[in-house]
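Chain and residue survey
Residues per chain are reported as follows:
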Number of protein chains: 2
Amino acid sequence: MTEKKRLEVCLTPALLPLFDIEDSIVVIIDIFRATSSICYGIENGAEAIIPVSQVEECAAYREMGLGYLLAAERDGKVVDGFDFGNSPFSYTKQKVNGKTIVLTTTNGTHALHLSTEAKRIIIGSFLNLTAVCNWLKAQNQNILLVCAGWKNNFNLEDTLFAGAITERLANYTHTADDAAIAAADLYSLAKDDLNAYLKKTSHSERLKQLGIEADIDFCLNVDVATAIPVLDGNRLVRLRH
Amino acid sequence: MTEKKRLEVCLTPALLPLFDIEDSIVVIIDIFRATSSICYGIENGAEAIIPVSQVEECAAYREMGLGYLLAAERDGKVVDGFDFGNSPFSYTKQKVNGKTIVLTTTNGTHALHLSTEAKRIIIGSFLNLTAVCNWLKAQNQNILLVCAGWKNNFNLEDTLFAGAITERLANYTHTADDAAIAAADLYSLAKDDLNAYLKKTSHSERLKQLGIEADIDFCLNVDVATAIPVLDGNRLVRLRH
């Protein structure tokens with residue numbers, strides 16, 4: 001009997017040093033809103049999305065005159081002087097088809113840069129849930145689901161998505177760690193109405209004050225995309241199966 | 001209207017730097033088995049329990065000739081040459097009444113030493129759940145529930161206990177953060193049969209291999225104690241109301 005592979009959930013980037021990143025496929029999760037928008041952008045034909053850590057790095061691309069779109073978000077808002085932030089509605093086909101986007105966000109790009117030692121890094125969101133799960137099942141590798149959280153704090157929306165993946169993979173092909181078990185159980189409580197469940201969180205309250213309820217609703221749509229963004233060098237591109 | 005106090009859950013000691021420890025009462029939680037045994041020992045008349053970080057510190061007390069009991073646990077086992085580890089059955093009235101115990105454990109004492117800036121530090125376990133909740137309710141302070149976890153990793157049993165406290169306090173006197181909400185929801189799934197729920201965890205499997213199932217059963221007893229251990233200087237003693 002072959003030993004089952006591991007399915008682990010890293011609940012915040014602050015816990016990443018505890019995991020064996022090199023021996024795992026990493027899924028980066030930042031549901032509100034970076035990874036949802038990245039999935040939507042790649043689905044809509046963006047040629048590539050380049051994740052950078054700092055606003056200054058993002059701005060530096062302007063000087064290069066490559067015609068890239070520049071996206072910068074901090075604390076939930078578009079940074080002054082940039083084309084857009086991480087609202088999924090900025091990543092429509094009309095806006096991004098054929099374009100390259102340089103993106104920096106508060107949490108998602110941070111989590112991604114801490115995971116670069118992974119065997120492979122893909123981007124997950126409710127938008128491409130089934131596509132991600134099907135691809136993961138076919139790999140037969142250890143999986144580490146990295147929740148971007150909020151400034152290294154645990155958050156519920158990223159954990160719920162980790163639970164959605166765990167529900168589909170654990171017990172069959174993978175052995176779940178405690179955090180994955182917890183995430184799957186929370187998802188079982190929430191999945192009938194994710195939006196209602198998340199209403200009780202403090203994060204939801206904060207996002208509401210930012211006036212982005214429509215974004216939130218959109219990010220909780222399941223399986224409206226089939227593209228899986230994958231890191232190739234320093235660029236996120238569409239995974240070719 | 002007075003603003004509600006915060007009720008936060010620190011899911012592993014690795015996340016402690018994110019919290020405002022100084023402005024909170026901290027509850028240390030290490031269900032299997034350190035804080036359960038500490039509660040049971042203080043309930044059974046131990047004069048004090050001195051938590052130390054290192055096995056060597058614990059051993060140093062032997063040289064002092066004070067007649068203290070020396071307890072040292074690492075990786076779930078009693079360290080060679082010590083009176084006992086952290087099995088609750090070592091903390092019976094017969095063994096500990098009137099005694100002072102020096103204790104070092106893998107996770108619980110570590111979490112405690114990282115929290116010393118708190119307004120007050122108490123020790124929680126299912127054994128004294130109601131006593132802890134009633135006392136916390138009466139304090140009207142911010143509360144930080146610190147899960148000792150396993151070597152800085154998230155674990156379910158400590159999180160469930162944090163959820164048990166949250167269920168009794170949140171919405172009434174305190175505002176819960178996302179981790180506290182998650183903990184309470186997990187507890188709602190598990191509380192009818194904690195032992196059955198925890199059987200699915202990897203930690204449970206590991207503890208079973210150590211042959212301590214009787215300890216596990218004992219640590220899941222609710223409200224068999226009314227004593228609350230509190231840190232006074234470097235000693236845990238019985239809280240006098």
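What comes next concerns the included structure. All of these numbers come straight from a predicted model, not from anything done at the bench.

1. Regarding the relation of the copies chain B and chain A
With an axial shift of 0.0 Å and an RMSD of 0.0 Å, the rotation relating chain B to chain A amounts to 180 degrees. Both chain copies can therefore be described as sitting about a two-fold axis. Across chain B, the rotation axis passes nearest the C-alpha of Leu186(B), at a separation of 3.3 Å. Same-surface contact between copies: 100% of interface residues of chain B are shared with the interface of chain A.

2. Here's the deal with the pairing of strand S1 (residues 5-10) of chain A
Residues and elements named next belong to chain A. For S1 and strand S9 (residues 174-176), the ladder comprises three bridges, and the chain directions are parallel. Its bridge partner lying in S9, leucine 7 is registered against alanine 176. Sheet analysis places S1 next to strand S8 (residues 142-147), joined by four bridges and oriented parallel. Residue pairing across strands places valine 9 opposite leucine 145, the latter belonging to S8.

3. Some remarks on the interface of chain B and chain A
Opposite the 23 residues of chain B that make contact, chain A presents 23 residues. Those elements giving two or more residues to the side of chain B that touches chain A turn out to be helix H6 (156-169), helix H7 (178-190) and helix H9 (202-209) of chain B. If one sorts the elements of the side of chain B that touches chain A by residue count, H7(B) sits on top with seven residues. Within the side of chain B that touches chain A, the residues separate by chemical class into eleven nonpolar, eight polar and four charged.

4. Quick look at helix H1 (residues 34-43) of chain B
All names here are of chain B. Within H1, ten of the ten residues are buried, leaving the element largely enclosed by the surrounding structure. When we look at burial in H1, the residues that qualify are Ala34, Thr35, Ser36, Ser37, Ile38, Cys39, Tyr40, Gly41, Ile42 and Glu43. Downstream of H1 by one or two residues, glycine 45 has phi in the positive range, about 95 degrees.

5. A closer look at unusual backbone geometry
In this model, Phe32(A) is joined to Arg33(A) through a cis peptide bond whose omega is 10 degrees. Positive phi, normally seen in glycine, also occurs at Lys151(A), with a value near 50 degrees.

6. Describing helix H5 (residues 129-139) of chain A
Residues and elements named next belong to chain A. For H5, the set of buried residues is Leu129, Ala131, Val132 and Leu136. Down the axis of H5, the buried side of the element spans an arc of 165 degrees, and every buried residue falls inside it. Where the residues of H5 are buried, they touch strand S2 (24-29), strand S7 (120-124), S8 and helix H6 (156-169).

Thresholds applied
Residues numbered from 1 in each chain as written. Chains lettered and ligands numbered in written order. Predicted model: local features only at pLDDT ≥ 70, side-chain atom pairs only at ≥ 80, totals over all residues. Least-squares fit on C-alpha atoms with pLDDT ≥ 70 in both. Contact = placed C-beta atoms within 7 Å. Pairing = 2+ DSSP bridges. Helix = DSSP H or I, 4+ residues; strand = E, 2+ residues; numbered from the N terminus. Nonpolar A, V, L, I, M, F, W, Y, C, P; charged D, E, K, R; others polar. Buried ≥ 20, exposed ≤ 12 C-beta atoms within 10 Å, placed from the backbone. Arc of directions from axis to C-beta.

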